[in-house]
Amino acid sequence: MKNITNNQKVIVIIVLIILGIFCLYKWSNVSKNKADENVKVTDVDAPVSEDISDASSDMQFELNDDAILGITPVSPDKGFVTGLKEYPLLTWRINKIVEKTKQTNINVKYPYFLGGEKVTKLNGYVESYIQKTIKMDRKELKDIINAGPNSDRFSSLDLSVGYRVIGVINGIVSLEMVNIDFTGGGNGNHSMPVIINWDLKKDRLLKTNELFCSKDYLSMIKPLARDRLLVDIKNNPNVEVDFLKAKSTIEEGTMDSSNYEDIMPYKNGVIVVFPPYSILSGIFGILRVYIPDTNNLLCLP
């Protein structure tokens with residue numbers, strides 16, 4: 001009877017060890033998933049259509065002008081000093097949404113700012129933009145599918161979203177989002193910048209004209225933007241261009257007030273962002289110029 005009891009004890013110990021190992025394995029996986037909870041992935045294990053070009057590879061082209069603009073990239077954990085006593089440092093984590101199916105390839109990255117209630121509205125605004133962009137992409141794909149196999153439209157979409165936090169001045173966060181969708185063909189890439197200037201003090205989005213003292217700020221910015229673009233295009237080693245033709249297009253485009261919707265304060269001046277085709281052909285992508293505020297135009301709230 002004693003031997004049976006000892007055997008039972010051994011069996012119980014072995015079972016407990018196995019259960020312990022299993023629980024440890026599950027706990028480690030839960031911890032790993034918890035650490036990666038900002039990454040949402042959908043993968044149906046379907047081959048990606050050959051029509052899809054990786055739009056994310058073009059994001060580097062669209063956001064490669066840090067040196068030209070004088071932007072010093074900052075890591076999310078280092079962040080930016082805000083100058084605000086109640087919220088001294090702006091840091092963030094990178095949220096990702098990745099989806100690969102037969103007809104979609106989504107690669108989205110955007111900032112989720114840390115600080116609880118102090119940045120709840122800002123995070124909500126960014127999240128809303130991201131979800132709206134993905135929803136529009138899905139609608140476009142649905143329209144393409146509904147057009148039928150005999151349509152001249154491609155049967156898949158590739159969506160990529162990237163970002164960069166430009167900085168914080170006077171409690172105003174300046175953030176640039178860029179989304180690129182690819183629908184196939186030789187001119188299938190479409191890029192769109194979205195500029196967010198968010199006042200942390202009043203917890204709201206600022207309109208472009210709220211950044212300036214005078215209502216007539218464009219009359220002073222236009223010639224400066226024109227001159228800066230002419231210099232940049234002339235010195236651009238990556239694109240062959242007929243400078244005389246480009247000069248005429250730049251002069252015309254920079255006189256159009258509707259091309260100045262996207263402006264961010266940066267250092268002692270502003271960065272003006274021009275969407276593709278607003279100034280020059282699509283091969284140049286998004287154009288940006290840094291303009292020093294030599295005329296004291298900025299009156300940040």
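Everything discussed here concerns the structure shown above.
Residues numbered from 1 in each chain as written. Predicted model: local features only at pLDDT ≥ 70, side-chain atom pairs only at ≥ 80, totals over all residues. Heavy atoms only, no water.

One finds V108, F113, I130, V165, L175 and M177 to be the most contacted residues of the largest nonpolar core, which totals 27 residues. Counting only elements with at least two residues in this core, the list comes to β3 (89-100), β4 (104-114), α4 (120-146), β5 (157-169), β6 (172-182) and β7 (189-199). Within the second largest apolar cluster, 26 residues are counted, among which are I250, Y260, I279 and V289. (Core = buried A, V, L, I, M, F, W, Y, C linked by side-chain atoms within 4.5 Å. Buried < 20%, exposed > 50% of the residue type's maximum accessible area, 1.4 Å probe, protein only. Helix = DSSP H or I, 4+ residues; strand = E, 2+ residues; numbered from the N terminus.)

This part covers helix α5 (residues 217-234). For α5, which comprises 18 residues, the first-to-last C-alpha distance of 26 Å matches the rise-based estimate of 26 Å (1.5 Å per residue) to within 8%. The complete set of buried residues in α5 reads Y217, L218, I221, K222, A225, L229, L230 and I233. Lining the buried residues of α5 we find α6 (243-253), β9 (262-266), β10 (269-274) and β11 (287-292). (Expected span 1.5 Å × (residues − 1). Contact = heavy atoms within 4.5 Å.)

Okay, the environment of R93 next. Its place among the elements puts R93 in strand β3. In this structure the C-alpha to C-alpha distance between R93 and F113, which are 20 residues apart in sequence, comes to 6.5 Å. A distance of 3.0 Å separates a polar atom in the side chain of R93 from a polar atom in the side chain of N95. (Polar contact = N/O pair within 3.5 Å; in protein donor to acceptor, adjacent residues only side chain to side chain.)

Under the counting rule described, the total for this entry stands at 11 salt bridges. Here R138 makes a salt bridge to E99, at a shortest N to O gap of 2.8 Å. In this pair, R138 sits in helix α4 while E99 sits in strand β3, placing the two residues 39 residues apart along the sequence. Taking the relative accessible area as the measure of exposure, E99 reaches 10% and is therefore buried. (Salt bridge = Lys/Arg side-chain N within 4 Å of Asp/Glu carboxyl O.)

Among the secondary structure elements, D262 is positioned in strand β9. The buried charged residue D262 lacks any salt bridge, with R288 as its nearest oppositely charged partner at 9.2 Å. The contact partners of D262, leaving out residues within four places of it in the chain, are P193, I195, I271, V272, V273 and P275. (Lys, Arg positive; Asp, Glu negative; His and termini not counted.)

Moving on, we get to empty space enclosed by the protein. Taken as a whole and assessed by the stated rule, the structure comprises one cavity of 30 Å³ or more. If you trace the largest cavity, you find it lined by F212, I221, L224, G269, V270, I291, P292, D293, T294, N295, L297 and L298. Looking at the lining of the largest cavity residue by residue, the class counts come to eight nonpolar, three polar and one charged. (1 Å grid on protein atoms, 1.4 Å probe; cavity = no way out; pocket = protein on both sides within 12 Å on 5 of 7 lines; lining within 4 Å. Points joined across faces, edges and corners; volume = space filled by probe spheres on them. Nonpolar A, V, L, I, M, F, W, Y, C, P; charged D, E, K, R; others polar.)

With respect to topology, three strands assemble into an open sheet ordered β9-β10-β11, the strand pairing being antiparallel. Of all the strands in the sheet, just β9 and β11 have a single pairing partner and so form its edges. The mean angle between the axes of side-by-side strands here comes to 20°, regardless of whether they run parallel or antiparallel. Direction of pairing for β9 relative to β10: antiparallel, over a ladder of five bridges. Residue pairing across strands places I263 opposite V272, the latter belonging to β10. (Pairing = 2+ DSSP bridges. Axes fitted to C-alpha atoms, helices over the stretch in contact; angles between N-to-C directions.)

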